[in-house]
Amino acid sequence: MKIVVLAGGLSPERNVSLSTGTMVTEALRGQGHRAALVDLYFGLEDDAGALEELFDADVSAAAKRISRQAPDLEQVKAARRDKSPSLFGPNVLELCRLADVVFLALHGACGEDGRVQAAFDLLGIPYTGAGYLGSAIAMDKDLTKRLVADVVNTPGWKVVDVRAEDIDGLVASARLPLVVKPVASGSSIGVSIVHTPEELRRALTDALALGGRTVLEEYVKGRELQVGILEDEALPAIEIIPKQGFYDYENKYQPGAAEEVCPADISPETEAKLRSAAVRVYETLGLSVYSRADFILDGAGEIWFLEINTLPGMTPTSLLPQEAAAVGIGYSALCERIVHASLKARRAGR
């Protein structure tokens, strides 16, 4: 097949996305496909006359390693010669129309929130992963928790629109400790665990730069566990043990920053409960093909659902490939299954 791997974009997670996209492109080529890697935002300003050749063009491996800091999106915008307000760079849609399917290696609000999926549905371009509606809901942590609160345990929360003049009041009324996180972001960007008023003040001030709309969530102390879902079935749970702090952006993507144990060292009963909870969330949100759900296992053995990711990372340190490997599905085979399951889902209108 001819496959476009769409990565990058205009999101704080663009570097993670480029790493995912590079690895997926290499894997699909290893499976015999003609795969073209393209940055959603920068597009193909210099290749308008040779789009077909991109399916066989060399791909640099430099993007595999992810820097410790998220990118400065204003610098990214300034670097694009095409100053169009479109999130689709030059010739991106033209290239995607040449493909049998587009593998969405995008992460974050530029590509994982349903907008790209909706555009492709309207244009008749098949793509991988969940459909537009489930993607949009899952990206919004507030909507997700509202919909699944009756089917799984989830920590108490409220959403606030942070403004500078409101920070004093929010700090004064907060019941600590809390987890502070943007309502629509991933890779733990902008996430803080706060135990003191001073930490909360810093976290809320930082939230202003990420749009202001913020989830304040009850902090549940426990073990961090994640469960991948592939073709509607849960994979083995994986436990994340950061060497310091919590599983933030740096600990996720710097090799050796966290210990990852798969299958997790938990009882069969707890494993079964985790897998069941992950599938209930997945089905409640109307997702398809694959996802990864995040949980906390507290000291009393209770499972708490945090959020679900509809386009899990496929980087050198990502979790879904590790979970798939635990049941004998290698990285290239995982990419292949995602492609075929996605085409089946699109034909079924999922």
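Keep in mind it's a predicted model, so treat the numbers as computed, not measured.

(A) Spotlight on the pairing of strand β7 (residues 213-218). Across 5 bridges, the pairing between strand β4 (residues 157-161) and β7 is antiparallel. By the bridge assignment for β7, V160 is matched with T214.

(B) Structural detail: the sheet that holds β7. Spatial ordering of the open sheet is given by β4-β7-β5-β6, a layout of 4 strands whose pairing is antiparallel. One side of each edge strand has no neighbouring strand; the edge strands of this open sheet are β4 and β6 (192-194). Shown here is a sheet whose adjacent strand axes are inclined to one another by a mean of 25°, direction ignored. Both strand β5 (residues 178-182) and β6 contribute to a ladder of 3 bridges, which runs antiparallel. For L178, the partnering residue across the bridge sits in β6 and is V194. Packing of helix α6 (residues 141-148) onto the sheet brings it into contact with β4, β5 and β7, and relative to β4 it is tilted by some 150°. Relative to β6, helix α8 (residues 197-208) is tilted by about 150°, and along the sheet it contacts β5, β6 and β7.

(C) View of the pattern of salt bridges. Inspection of every chain in the model, using the stated rule, returns 21 salt bridges. Ionic pairing is found between E52 and R34, a salt bridge with its closest N-O pair at 3.1 Å. Linking E52 in the loop between β2 (34-39) and α2 (73-79) with R34 in strand β2, this pair joins segments that are 18 residues apart in sequence. Of the charged contacts, one joins D294 and R292 as a salt bridge, the two residues approaching to 3.2 Å between their closest N and O atoms. Judged by its relative accessible area of 9%, D294 falls in the buried class. Take R292: its relative accessible area is 8%, and that puts it in the buried class. Via salt bridges that share partners, K2, R34, E52 and D56 belong to a single interconnected network.

(D) Structural detail: the UniProt feature "binding site: Mg(2+) 2" (unreviewed entry) in the protein chain. UniProt tags E307 and N309 as "binding site: Mg(2+) 2" (unreviewed entry). Checked against the element boundaries, E307 lands in strand β13 (residues 303-309). A relative accessible area of 21% means that E307 is categorised as partly exposed. E307 has contacts with K141, K181, R292, A293 and D294, leaving out every residue within four places of it along the chain. Turning to its location among the elements, N309 is positioned in strand β13. Not counting residues up to four positions away in its chain, the partners in contact with N309 are E112, S291 and R292.

What counts and what doesn't
- All residue numbers here refer to positions counted from 1 along the written sequence of the relevant chain.
- Thresholds applied to this predicted model are a pLDDT of at least 70 for local features of residues and 80 or more for the giving and counting of side-chain atom pairs; totals over whole chains, interfaces and linings are not thresholded and use all residues.
- As a rule here, side-chain values cover all heavy atoms of the structure and leave hydrogens and water aside.
- Strand pairing is defined by DSSP finding a minimum of two bridges between the two strands.
- Secondary structure elements are taken from DSSP: a helix is a run of H or I of four residues or more, a strand is a run of E of two residues or more, and numbering for both begins at the N terminus.
- Orientation is described by axes fitted as lines to C-alpha atoms, over the contacting stretch for helices, and by angles from 0 to 180 degrees between their N-to-C directions.
- In what follows, a contact means two residues having at least one pair of non-hydrogen atoms within 4.5 Å.
- Salt bridge criterion: a side-chain nitrogen from Lys or Arg within 4 Å of a carboxyl oxygen from Asp or Glu.
- Burial classification: accessible surface area is computed with a 1.4 Å probe over protein chains only, and a residue below 20% of its type maximum counts as buried, one above 50% as exposed, and the rest as partly exposed.
- UniProt positions are given in the numbering used here, feature names are shortened, and annotations may be inferred rather than shown by experiment.

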